[in-house]
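Residue-level structural notes
Each chain, written out:
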Amino acid sequence: MNNLRGGILMVLAMLGFAIEDMFIKLLAGSLSVGAILIFLGLGGALMFGALSLRRGDRLLSGDLLHPMVLLRNACEVLGTAGFVTAIALTPISSASAILQAIPLFVTAGAALFLGETVGWRRWVAILVGFSGVLLIIRPGMDDFQPASLFALQAAVFLAGRDLATRGVPATVSSMQLSTYAFAVIVPTGMIVLALTDQTLSVPHGSAIALVALTVITGVIAYYTIVAATRIGDVSYVSPFRYSRLIFALVIGTLVFGERPDIWVLTGSAIVVGSGLYTLLREAQRRRTFLRQPPLV
């Protein structure tokens, strides 16, 4: 029963993130990418900072300068900036499809940088999944969109964020990490404005409402995903993360009039299938390990 509840919560969390992505794309019609990053960073930092203080966490501590916290924040900056840019410049359906490769990058990164054992079957699944990403991006073809590389940037660095999180001290709470992550997005937006010809226009009217809805939806989705992983087994609820792609396809079609072609749909299916296989193999490996008798 707990796994069922956890699965439902995970689907609801993915729906929340897909709606958040929709709000960001709508914002891109009136605000520059740099401005979106600044206002989302401010809103998220204020909300998570308030929640952290309510829990009794300290926002300023020595752990803020821990190497893994700094690495995580750096990956968060590059990943979030890449994804917001991808959503603004490319179809939301293809950007979300590429983002589904994060579990594949996490598995590969765990093997390459953390020394985790990854069998040949999962390596094959990873390579097949990467081929699906190439089908979506289609480099070298006439309909290749260079801006789609921002989604690939997001997948790589958000996977790096997840890997760095494993080395964060246990004394740092999830709320503190989220506060730090949103706070560093603010200067990132300023840097984007300084390096490009974008301008910082203050949101007004519907844009203010969209900024507020984006932040609130993201916070609710974050809480929901935390609840899902606490209630259900991770191996059971994790595959439901891919429901985000379904919601993105529906939103892209109904809200933005997108029509994903056969290459995007095929590539998406390959990425999701490879990711699901990788998750299932990892769950099977852990069950086998737990069933092994002690050596002494």
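Structure: above.
Computed from a prediction, not measured in an experiment: that's the story for all the values here.

This part covers unusual backbone geometry. At Arg-138, a position not held by glycine, the phi torsion is positive, near 55°. Looking at the secondary structure, you find Arg-138 in the loop between α6 (120-137) and α7 (149-165).

Next up on the list: the packing of helix α3 (residues 67-89) against helix α8 (residues 174-195). Put simply, α3 and α8 touch, their axes get as near as 9 Å, and they point 55° apart. What the angle tells us is that α3 and α8 run oblique. Here α3 runs over α8; the crossing is right-handed. Within the contact between the two elements, α3 uses Val-69, Arg-72, Asn-73, Glu-76, Val-77, Thr-80 and Ala-81 and α8 uses Leu-177, Tyr-180, Ala-181, Val-184, Ile-185 and Thr-188. Residue composition of the contact of α3 with α8, grouped by class: 8 nonpolar, 3 polar and 2 charged.

When a protein is soluble and globular, its nonpolar side chains tend to lie buried together. Core analysis: the largest hydrophobic core is formed by 55 residues, its most contacted members being Leu-27, Leu-31, Ile-36, Leu-37 and Ile-102. For this core, the element with the most residues is helix α2 (residues 33-55), which contributes 8 residues. Grouped together as the second largest cluster of nonpolar side chains are 8 residues, Met-10, Ala-13, Phe-17 and Ala-228 included.

As a further point, take α2. Here α2 spans 32 Å end to end across 23 residues, near enough to the 33 Å set by a 1.5 Å rise per residue. Positive phi appears at Gly-56, one or two residues downstream of α2, with a value of about 90°.

Procedures and definitions
- Residues numbered from 1 in each chain as written.
- Predicted model: local features only at pLDDT ≥ 70, side-chain atom pairs only at ≥ 80, totals over all residues.
- Heavy atoms only, no water.
- Helix = DSSP H or I, 4+ residues; strand = E, 2+ residues; numbered from the N terminus.
- Axes fitted to C-alpha atoms, helices over the stretch in contact; angles between N-to-C directions.
- Parallel < 35°, antiparallel > 145°, perpendicular 65-115°, else oblique.
- Left-handed = near helix turned anticlockwise from the far one by under 90°.
- Contact = heavy atoms within 4.5 Å.
- Nonpolar A, V, L, I, M, F, W, Y, C, P; charged D, E, K, R; others polar.
- Core = buried A, V, L, I, M, F, W, Y, C linked by side-chain atoms within 4.5 Å.
- Buried < 20%, exposed > 50% of the residue type's maximum accessible area, 1.4 Å probe, protein only.
- Expected span 1.5 Å × (residues − 1).

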